Amino acid sequence: MSAGGSRCFALMAADPRSPGDVEVGTLGPQPLELVPGDLASPQERQLASALGIAEHRLVPRLPGGLENCHRGSKCFWSWLARAALEQVAGVSLGHLELPEMIDRLRSELAELRRQARKDASALATLRDVCGAGEAELRELRAARARLQKLETENEELRGANAGLTKTVDVLREDFKEATGRCRAIEAELAEAAERADEAESALEAMESKLDMACLLRERDAEARVEDQKLLHLARAESTRVQQEALSVAILMSTHRKKRRPAKRSSKASPPRGFQIPRGVPSHSARRGRSAGAGL
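Residues numbered from 1 in each chain as written. Predicted model: local features only at pLDDT ≥ 70, side-chain atom pairs only at ≥ 80, totals over all residues. Heavy atoms only, no water.

Visitor: It is not clear to me how the nonpolar core should be interpreted in this structure. Could you clarify?
Guide: Buried together is how nonpolar side chains tend to be arranged in soluble globular proteins. Among the nonpolar cores identified, the biggest contains seven residues, and these are Leu85, Ala89, Leu93, Leu96, Met101, Ile102 and Leu105. Looking at this core, the elements with two or more residues in it are α3 (76–89) and α4 (98–219). Broken down by element, this core gets its largest block of residues, three residues, from α4. Those residues within four positions of Met101 in sequence are excluded, and the remaining contacts are Arg82, Leu85, Glu86, Leu93 and Leu96. Core analysis: the next-biggest nonpolar cluster, separate from the first, contains five residues, Val35, Ala48, Ile53 and Val59 among them. (Core = buried A, V, L, I, M, F, W, Y, C linked by side-chain atoms within 4.5 Å. Buried < 20%, exposed > 50% of the residue type's maximum accessible area, 1.4 Å probe, protein only. Helix = DSSP H or I, 4+ residues; strand = E, 2+ residues; numbered from the N terminus. Contact = heavy atoms within 4.5 Å.)

Printed below as a string of C-alpha cells:
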C-alpha cells in the first residue's frame, strides 16, 4: 500500500475534525483547514513551523502538488505575505521574521477580541444604563408635565382665592352694615317697648275709670230698666273703646317702628273718632237721675 493510501485510511480512522475535513469524498480536501499534526505532510509541518505553530496539535492543510520555493528572499509570494501582514497590522514589521509577525498579529487580534468582548459588555451595560436613563427621563418628563399642571392649578387657585378674599371683604362690610341696622332696630324696639308701656299705663288708667263706671252702674242696678239697658250699652261701648284703644296702640307701635317720631307725653289722649253715642247719657246725667229716683 502506498503512503498516500495509508494517510487516507489514517485520516478516515481519526477523530472527527473541523468542517471540510473529509479527504475522501465528493468535496475532496479543503486547503488550509486544520488537520492533526501527527498526520501532517512535511510541507504542512514546514508551513506550521514558518507560522510559529509547530507545537500546536492541529496545523493547516495544504493542497497536493505543491513544491518548495528555492528563491529565498527573492520569492514574490513571500514578500506578498509580509506585505499583506503589514497591511493588516497597519505598521511596518520589516524588522521581524514571519513567525514573529504572525505571533504579534495573533496577540493583537486576541487582545482586540478581548477588548471587543469588554466593549460589548460595556456597551450592554451602557445600554442598560441608557434604558434606565430613558425611563427616568420619561418619568421626569411626566413629572414636569404634572408640575406644569400643578402650577396652572395653583394660579387658578390663587385667582379663586383673590376672588374669595374680595367676597369676604364685601361680606364683612355687609355684616357691619347689617349689625348697624340691627342696633338701630333694637333701639327702635326699645322705644316701641317704652311706648307700649306708656300705652299700657294709659289703658290701665282707662280700665280704672271703667271700673269706677262699673261700680256706679252697679249702684244704679236697681234703677229703671231703661237705665239698666243704658248701663249695658255703656259697658259694650267701653269694651269697644278698649279694643279700639288697643288696636290704635298696636298701629301706633308699628308706625313708630318705621318712622322714629319724637316721644309723646306719658298722658294718653283718647283715640280719634271716639264719640259718646247720642242715646247714652253722660256720667253726671246718670248720677242726677239716680239721685231723683232716690228722692
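Visitor: Would you mind showing me how to read the pattern of salt bridges here?
Guide: A side chain with one charge can pair with a side chain of the opposite charge if their charged atoms come near. Under the counting rule described, the total for this entry stands at eight salt bridges. Among the salt bridges present, the one from Arg195 reaches Glu191, with a minimum N-O distance of 3.9 Å. With a gap of four residues between them, Arg195 and Glu191 both fall in helix α4, about one helical turn apart. Between Glu237 and Arg240 there is a salt bridge; the shortest N-O distance is 2.0 Å. Here Arg240 and Glu237 lie together in helix α5 (residues 225–258), a separation of three residues that amounts to about one turn. Glu237 gets classed as buried once you look at its relative accessible area, which sits at 16%. Residue class for Arg240 comes out partly exposed when judged on its relative accessible area of 32%. When salt bridges that share partners are traced, they join Glu237, Arg240 and Glu244 into one network. (Salt bridge = Lys/Arg side-chain N within 4 Å of Asp/Glu carboxyl O.)

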